[in-house]
Amino acid sequence: MTIEAEATRADDTGGSADPRGSASPDRPRLLLPLLLVGGWLLGTAWRIWLARHASMPFAHTDEDSYLNTARALVGGPGGFSSENETLRRIGYPLLIAPAFLLDRDFLDTYLAVRVINAAWNATVLPLAYLLGRRLLGLRPGPALAAAAGAATLPAVAFHATVAMTDAVLAPLLLAWLLAVHRLVERPGPASAALCGALAGATHLVHSRGVVIVAGSALLVLALVVRRRLGPAGLLAAVLPVLAAALGNEVGVRLLGETVRLLGEPAGGNVVRAVTSVRGLSQVLASVGTQLWYLVVVTFGLAGLAGVEAVVRLCRRIGGAAGWTFGVALLSTVGVAVGAEVVLADVPDRVPDAIYARYVQMFAPFWLLVGTGVLFGTAYRPLLRRAAVAVLLLAVGGVLIRLRLDRAEAEGTPLRWGGFSAPDLVALTDGWRQMRPLVGSAIGIAGCLLLVLVLAIRHRAVGTRLLAVVLIALVVANVATMQVLAQRLIRPLAVAGTPMPSVPELGIRPPERVAASTGVPYQLRFNLSHQVTWTEVPWFGDRPPADAQVVFARWAPGEPDDWDGARHGFVRLGGDPERKWAGWRRR
């Protein structure tokens, strides 16, 4: 359905036409549920398989922070967290805390955490299908194909391989946007409570939830002003958010000093970031780069979707879909801006060429909307939207290239690493440097291919070809994740896994253990994780008086080689090539 057609069928109060077709009456009713359940199980297994090389954490220090907090929540030893008081959240540690109740060695516990991650992360498939059907009006076949494309996006699946909040944020966001659509379509206390509960859950998981809460608040206020939602609905929307915020504070207070915060308290860089010319230009450049990233990694679909959302806002095309697009667009930009402003407050921070982690959770939604635009927009309006998306990609790529070159010329190159945007690294072969022109070319090629497919006027043939394109998208996503598993996950996991392990050294409870800061931090953190019965404090040269076992630097022939004999220790073993050894007091 074209935008113009939908506009004529939408009423002033936000109702919208329902373009959904019904499934063929002879289609077995259980087929789709079985496909969705089977797809979820297959997606869960795929995610667990992708992380098969990572028997230990490799995304330090975020993983360590969440794992230490989860262990402390179930009464285990404490540790450190890289969070600060302002950004501290306990939602994700609560989710993975049951893995620590099994009282197994850390390798088993970490496997259980990854299984929890995979199961939650794979729910993107059924949630994306529901969005395709209810929000975009897609028929079951295209909705399922689009959902498969969204669920296999590396921007989503990559985070299932690590113990980080991002593993659950993408499905939470899709569920919240489903609730937003429901609230606009049928305002009432029940739908308002669901929307508020999901916004509150996002707030409980990560500070990005503040933007989601703000989006919910603006929507609820708009519905109240338009008299579509009464006082009961307003209260139902607010109470879950307050409960989530209160629950987070209670959890933090119960933890007390069990988990030490290493994050720096808020400073004055936030104000400078939005008031100085240099700071504001950095924020705008970062936001633009993050939005450009979303278009590239969805092969242009997010570009079509973004243009569609802006067109609806500018033309004031309402309907439940229009409202949902508007809330999603404001939330995406809000998270991108908020991420850069918050990161600007990190002391001595080196600016990033791109830090896409915070907006990655929006990628599946915009891919879905882009698919809906392909199926539901007339060819000429679609061509105009594609032209705008191509122009933005081209200009964006050039501006990002100029920004990188200027920073290099000034002697302050922008940081670029595997965790900044892993999927972009794999797609552009940018393992050593960011390649924005290649990224733009990929996005432009995607847009042109989609438009070319839809240039075929015969609807049946065009739909079949589009289904083939969506299947090709799934294949591209799976291939990209395989590249990431081999070239990023596996090397990092191998480099950070201590050999021999702590049990192999004969270290057992209830021995008191400490670790020297001379041990490379990846190995120090992972050695400490394997000591499940006590917290492992850090020391410089002289170990704590009550330490019975220590991990220290083993660098034969180097000045900083730690000699445990002079402190009354005997070496148990270790790895001199990777600069660590275990010592036991005589």
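The model shown is predicted, which means the values in this text are computed figures rather than measured ones. (Residues numbered from 1 in each chain as written. Predicted model: local features only at pLDDT ≥ 70, side-chain atom pairs only at ≥ 80, totals over all residues. Heavy atoms only, no water.)

## Examining the overall build of the protein chain
Along its length, the protein chain carries 22 helices and seven strands. Its C-alpha atoms give the protein chain a radius of gyration of 25 Å, near enough to 25 Å, the size a compact globule of 586 residues would have. With the C-alpha coordinates of the protein chain rotated into their principal frame, the extents come out at 85 × 55 × 55 Å. Sequence-distant contacts, at least 24 apart, represent 77% of the contacts inside the protein chain between residues at least 6 apart. (Helix = DSSP H or I, 4+ residues; strand = E, 2+ residues; numbered from the N terminus. Rg over C-alpha atoms; globule rule 2.2 N^0.38 Å. Contact = heavy atoms within 4.5 Å.)

## A closer look at the environment of Leu 466
Secondary-structure assignment places Leu 466 in helix α21 (residues 459–496). For Leu 466, a relative accessible area of 1% translates into the label buried. Residues Leu 466 and His 53, 413 residues apart in the sequence, show an inter-C-alpha distance of 35 Å. (Buried < 20%, exposed > 50% of the residue type's maximum accessible area, 1.4 Å probe, protein only.)

## Some thoughts on the nonpolar core
Membership of the largest hydrophobic core comes to 144 residues, with the highest contact counts inside it found for Trp 176, Tyr 293, Phe 365, Trp 366, Leu 424 and Met 434. In terms of residue count, the dominant contributor to this core is helix α9 (residues 166–185) (14 residues). (Core = buried A, V, L, I, M, F, W, Y, C linked by side-chain atoms within 4.5 Å.)

## A few points about the pairing of strand β6 (residues 569–575)
Sheet topology note: the β6/strand β7 (residues 580–585) ladder contains six bridges and is antiparallel. Counted as the bridge partner of Gly 574 is Ala 581 from β7. Linking two consecutive strands that pair antiparallel, namely β6 and β7, is a turn of four residues; a positive phi of about 65° is found at Lys 579 within it. (Pairing = 2+ DSSP bridges.)

## Notes on the pattern of salt bridges
All told, the structure shown has 17 salt bridges when counted by the stated rule. Across the pair Asp 166 and Arg 208 runs a salt bridge, and its minimum N-O distance is 3.0 Å. With Asp 166 in helix α9 and Arg 208 in the loop between α10 (189–205) and α11 (209–225), this residue pair connects regions lying 42 residues apart in the sequence. Assessed through its relative accessible area of 6%, Asp 166 is described here as buried. Where Arg 553 meets Glu 558, a salt bridge forms, and the shortest distance between an N and an O atom there is 3.9 Å. Classification of Glu 558 as partly exposed rests on a relative accessible area of 32%. Linked by salt bridges that have partners in common, Asp 62, Asp 166, Arg 208 and Arg 357 make up one network. (Salt bridge = Lys/Arg side-chain N within 4 Å of Asp/Glu carboxyl O.)

## Observations concerning a nonpolar patch on the surface
On the surface, a cluster of nonpolar side chains totalling about 520 Å² of accessible area is made up of Leu 221, Leu 234, Leu 235, Val 238, Leu 239 and Leu 242. Along the chain, Leu 242 falls in helix α12 (residues 231–255). (Patch = residues over 30% accessible without salt bridge, like charges linked within 9 Å, V, L, I, M, F, W, Y side chains within 5 Å. Areas by Shrake-Rupley, 256 points an atom, 1.4 Å probe, with all protein chains shown as cover.)

## Regarding the sheet that holds strand β3 (residues 513–516)
Sheet architecture is open: five strands sit in the order β4-β3-β5-β7-β6, paired in mixed fashion. The strands lining the two open edges of the sheet, one partner per strand, are β4 (538–539) and β6. Summarising the sheet, β3 and strand β5 (residues 549–552) pair through three bridges and their orientation is parallel. Paired with Val 513 across the bridge in β5 is Val 549. Contacting β3, β4, β5 and β7, helix α22 (residues 521–529) crosses the sheet at an angle of about 175° to β3. (Axes fitted to C-alpha atoms, helices over the stretch in contact; angles between N-to-C directions.)

## Considering the environment of Gln 530
Residue placement: Gln 530 occurs in the loop between α22 and β4. Judged by relative accessible area, Gln 530 falls into the buried class, the value being 10%. When the C-alpha positions of Gln 530 and Gly 230 are compared, they lie 54 Å apart, and in sequence the two are 300 residues distant. Only 3.1 Å separates the side chain of Gln 530 from the backbone nitrogen of Val 502, close enough to count as a polar contact. (Polar contact = N/O pair within 3.5 Å; in protein donor to acceptor, adjacent residues only side chain to side chain.)

## Examining the confidence of the model for the protein chain
In the predicted model, the protein chain carries a mean pLDDT of 90, and the fraction of residues at 70 or more is 92%. Mean pLDDT across the elements of the protein chain bottoms out in helix α1 (residues 3–9) (39) and peaks in β5 (98). Between residues 1–24, whose pLDDT stays under 50, and residues either more than four places distant or in other chains, the model counts 47 contacts. (pLDDT = per-residue confidence, 0-100.)

## Structural notes on helix α17 (residues 363–376)
With 14 residues, α17 should reach 20 Å at 1.5 Å per residue; the first-to-last C-alpha distance of 20 Å fits that figure. When you tally the buried positions in α17, you get 13 out of 14 residues, the bulk of the element. (Expected span 1.5 Å × (residues − 1).)

## Quick notes on the packing of helix α2 (residues 31–50) against helix α5 (residues 106–121)
The N-to-C vectors of α2 and α5 enclose an angle of 140°; their axes lie 8 Å apart at closest approach. Considering their axes alone, α2 and α5 lie oblique with respect to each other. In the packing of α2 onto α5, the handedness of the crossing is right-handed. Touching Trp 40, Thr 44, Arg 47 and Ile 48 of α2 are Val 115, Ala 118, Ala 119 and Asn 121, all from α5. (Parallel < 35°, antiparallel > 145°, perpendicular 65-115°, else oblique. Left-handed = near helix turned anticlockwise from the far one by under 90°.)

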